[in-house]
Amino acid sequence: MLARGSGMIGLPLRLLAREVYQRVVEKVGEHNVALITGEEKIKPDRPRYWVSTVEAMPRDLKLAFVAIDEIQLASDFDRGHVFTDRILNQRGAEETLLIGSETMRPILEKLIPGIQITTRPRLSTLSFTGEKKISRLPRRSAIVAFSVEEVYTIAELIRRQRGGAAVVLGALSPRTRNAQVELYQSGEVDYLVATDAIGMGLNLDIEHVAFAADRKFDGFKFRKLFPAELAQIAGRAGRYMRDGTFGTAGRCPPFEPEIVEALESHKFDPVQILQWRNPDLDFSSLVNLRASLGRSPNERGLVLAPDNEDVIALENVFQENDIRQMASTPAAVKRLWEICQVPDYRKVSSQGHADLIGTLYRFIMDEEFVPEEWFSRQLALVDRTDGDIDTLSNRIAQVRTWSFVANRPDWLKDPEHWQSVARLVEDNLSDALHERLAQRFVDRRTSFLMRRLRENTMLEAQISTAGEVTVEGQHVGHIHGFQFVPESLADTVEAKTLRNAAEKALASEIEARAERFSAAADASLVIANDGTIRWTGEPVAKLEAGEKLYEPHVRIIADDQLSGPAREKIEIRLRAWLKAYIVRLLGPAMQLEDAAELTGIAKGIGFQLSETLGVLERSKVLQDVRSLDQDARGILRKLGVRFGAYHIYLPALLKPAPRTLATQLWALKNGGLDQKGIDEIALLASSGRTSIPMDPEIAVGLYLSAGFRICGTRAVRVDILERLADLIRPAIAYRPGVTPGEPPAGAADGNGFVVTVAMTSLVGCAGEEFSSILKSLGYTSETREGAAITVALIPSAPIPGVIVQAADAAKEEPVATDEAPVEQAVAEDTPVVAEQTEATASEAADASAEVPAEPATIEIWHQQRFNDGQQRQGQRQNNQRRGQRSDQNRGERREGEGQKFSRPDRDRRGPKRSDKKAGPRDNKSFERKQDNRRDREPDPNSPFAKLLALKNQLQDNKS
């Protein structure tokens, strides 16, 4: 073309027209070249050369040269009639060049007699490589799909796998398309995902074309691509002297051998017919225009094209009365047909597009021009750069419509102004769309690093004070403690190379960290609930089970860069810190194992208490505790041991920090630190709660190591359980009508007690949950009407003689050094109640006068009794179930540790009294035992004898 004095070339795509325009401008200068497309016009005063889309080619120019590209599109249903018209009617004065596929030769020879055809063979080889996964496609590949959704999906996949891809769609503006192509051509990305738009004129550096599909929608239906169409796209690979390859990928079915052979040899069936529309339209009336559009061709090889957007729009507006009235002259009819040529870039419904055609026609017919105020509002609606890719794409489609309108010479008063305004809006939207595409489909960090790796250059790695690792200024990971944690990169050679580059800088940094760690303060190290040792918040080691309970192993969390002396320094520091940490929190328990002052039974109890991390169930060493002498008890107390009703424990170790560590040490030996309950129990224990709900999925031993005992549906802290026993003990020991003085809180008739607010507040629960605790401790309940105490109380009378005697007698009794268990105190007082029942009958009668008319129902709790055989059997069963979860839900008998008020024959007194009122039993053997017991003379020095004497004296005073 440039060899002629003037010329014009018609191209199939606006994108391609823009590309050719730039090349021609570089050759002959901007003032000599015009660009004409549907949405854009660049027209100097006297251009010599014209670059245009086929649809926009001027018909009234007399030029020396005319060229039409991709003429095989004349068989296309949608646009074919335009190409056919240009082939048959557009001519240059000196030369006309038709460029296209070899398949057009037979039909052209029929339609254009004397035509000269020159074939230029492909200089490179195109080979089929079969099917490959998208993630395994070679570099410099183009993946072709036939819908926007498929293109986006594939681009997302490549971004995750290979760092990113450029995207080319036919609907993109030239500015966006050029920016995306530049991403690929510059090497910033190695993959291009596109529709079949790349099959026409886009000469890119593509080595392999992969078809992700072989079907597309052609405007009428979904169909498989013809072999010639596949060849048009596959031919983008290689080009000129470089060989190329093609294949399938994704969900595309494998190509049949016949198709592969045709693509490799470039031999296809010839085009048989071309789409045609009557170029000589009759504008005398709408009826005649419609009739001329429906005229069939007379020449063989041509077929009437199906109705396209413009014809459908004409048919729709023809249905409106006002439009028909306006189109009453040939000029009006012609104007309506011109407006029907507005493309449906927005891809709305045919009626929606017809509404726009009708609006524009009414404006022009009524006001001669489209109102600028209305046109300005339409542009303002889309002049926004917010939104996602689809939103911006839709706005660009609408701008293309307004650009088409603005590029009509007589539709607006100032078309050049509005052309520039529309172009500016389109450019802004195009830039925003390119940015969104790059953000979504290109990982710039990965793509940059991949490019540097391909260049075989040395990569510079740096580490910030915060541990951020960068390679060539790009963030690639972070150092956590002594371990490098890379960003999520595909497990590829490139990713491994990046890691190696980063590790060169990591070696010196980790050694420096090892030096700082070896001199770190103890306060900078902590142990998390999962056993991870953290240094200033970063993980450096993990606890693992050792041979001894208090000596767990430490596994350093580090990469291979930490080795030699640096690793040894860290190990020494960790072992020293961990030992000191365990001694600081659990030292009293550890001391019990090797205490030199402990001997015999006391040493065994101390060892077991140490092995249970400072909390030992009393029932497990009951006989040993009974056998302890007072000196041994004193030594254990000096070592911090407390003897409770249910546990032997170290109160100093019940704080949250020691119990958390104890829980971790127990878990290391019993199932590991990943078992359920580690975090939950540590959190609840540190919150200061005295009891927590019991979770049956959490191991019983885990609760006990945390300082809690399972009682019914609750887990109660062991020291709180002992304090509860201290509240219950005086209430049971007190005998209304027998024991002088004011009754303690919770006291009731006989050997019972009632629940008080102090008890429930102490444990932190009430109702059924508190009842389950008492039942698990061996208490049973009964309900009755009336007050808790129904007998007259004995006031405290100052009787010096008796008090002195009682005091003297108390000196003669062995001094108890531990808290007396509840059941012992109750058992030793029981005979007194039985012997004094008749004596207190009158007081009970007096007290009954004070009972309310409508007595309330109360719940009285009693300690459950066993005879000697039942007790031994129960102990054997408990020993068999020891260590199982059910043990924790059952009550354990409260065993005393001292000998105060105890008698060897306590368990041989026979069955307990279950009747509520005192009096002789029907059981004669029991009466005989009671008579024999009454016949014996009581020990005058016994405290019970002194209490009996005190009561008799009070009765004598009343009489």
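As shown above, the structure is provided for reference.
By convention here, each chain's residues receive numbers from 1 onward along its written sequence. Thresholds applied to this predicted model are a pLDDT of at least 70 for local features of residues and 80 or more for the giving and counting of side-chain atom pairs; totals over whole chains, interfaces and linings are not thresholded and use all residues. Based on all heavy atoms of the structure, the side-chain values leave hydrogens and waters out of the count.

Peer 1: How should I be thinking about the packing of helix α11 (residues 330–340) against helix α12 (residues 350–367) in this particular structure?
Peer 2: Each pair of packed helices gets described by two things: the angle between the helix axes and the distance between those axes. Contact geometry of α11 with α12 gives a least axis separation of 10 Å together with a crossing angle of 140°. On the basis of their axis angle, the class for α11 and α12 is oblique. Read as a crossing pair, α11 and α12 show a hand that is right-handed. The residues of α12 that touch α11, namely those facing Ala332, Arg335, Leu336, Ile339 and Cys340, are Ile357, Leu360, Tyr361, Ile364 and Met365. Every axis corresponds to a line fitted to the C-alpha atoms, with the helix fit spanning only the stretch in contact, and the corresponding angles, defined between N-to-C directions, vary from 0 to 180 degrees. For the purposes of this entry, the term helix denotes a DSSP run of H or I that reaches at least four residues, the term strand denotes a run of E that reaches at least two, and both are numbered from the N terminus. Oblique is the label for every angle not falling under 35 degrees (roughly parallel), over 145 degrees (roughly antiparallel), or within 65 to 115 degrees (roughly perpendicular). In a left-handed crossing the near helix is turned counterclockwise from the far helix by less than a right angle, and in a right-handed crossing that turn is clockwise. Between two residues, a contact is recorded if the distance between any of their heavy atoms is within 4.5 Å.

Peer 1: So what exactly am I meant to see when it comes to the packing of helix α13 (residues 372–382) against helix α15 (residues 415–441) here?
Peer 2: For the pair α13 and α15, interaxial distance at closest approach is 10 Å and the crossing angle is 10°. In terms of orientation, α13 and α15 fall into the roughly parallel class. Of the residues in α15, those touching α13 at Glu372, Phe375, Ser376, Leu379 and Val382 are Trp418, Val421, Ala422, Val425 and Leu429.

Peer 1: Quick question: what am I supposed to make of the packing of aromatic side chains here?
Peer 2: For any two aromatic rings, the description comes down to two numbers: the centre-to-centre distance and the angle of the planes. Between the rings of Phe, Tyr and Trp (Trp by its six-membered ring), a pair exists once the centres lie within 6.5 Å; its type follows the angle of the planes, with under 30 degrees stacked, over 60 edge-to-face, and the other angles tilted. Overall, the coordinates contain 14 aromatic pairs when judged by the stated rule. Here phenylalanine 128 and phenylalanine 255 contribute two aromatic rings whose centre-to-centre distance is 6.1 Å and whose plane-to-plane angle is 25°, an arrangement assigned as stacked. One end of the pair, phenylalanine 128, is in strand β7 (residues 126–132); the other, phenylalanine 255, is in the loop between β14 (244–249) and α7 (257–265), and 127 residues separate them in sequence. Each ring, one from phenylalanine 375 and one from tryptophan 418, has its centre 5.6 Å from the other, and the planes form 75°; the classification is edge-to-face. Highlighted residues: phenylalanine 375 in helix α13 and tryptophan 418 in helix α15, separated in sequence by 43 residues. Think of it as a cone above the ring: NZ of Lys or CZ of Arg counts as a charge over the ring if it is within 6 Å of the ring centre and within 35 degrees of the ring normal. Taking the ring centre of tyrosine 184 as reference, the NZ or CZ of arginine 140 above it sits at 3.9 Å. Here the basic side chain of arginine 408 rests over the ring of phenylalanine 404, its NZ or CZ set 4.0 Å away from the ring centre.

Peer 1: Quick question: what am I supposed to make of the environment of leucine 360 here?
Peer 2: The topology assignment puts leucine 360 in helix α12. Placed 45 residues apart in sequence, leucine 360 and valine 405 show a C-alpha to C-alpha distance of 9.1 Å. Look past the residues within four positions of leucine 360 in its chain and what remains in contact with it is Ile339, Val342, Val370, Trp374 and Val405.

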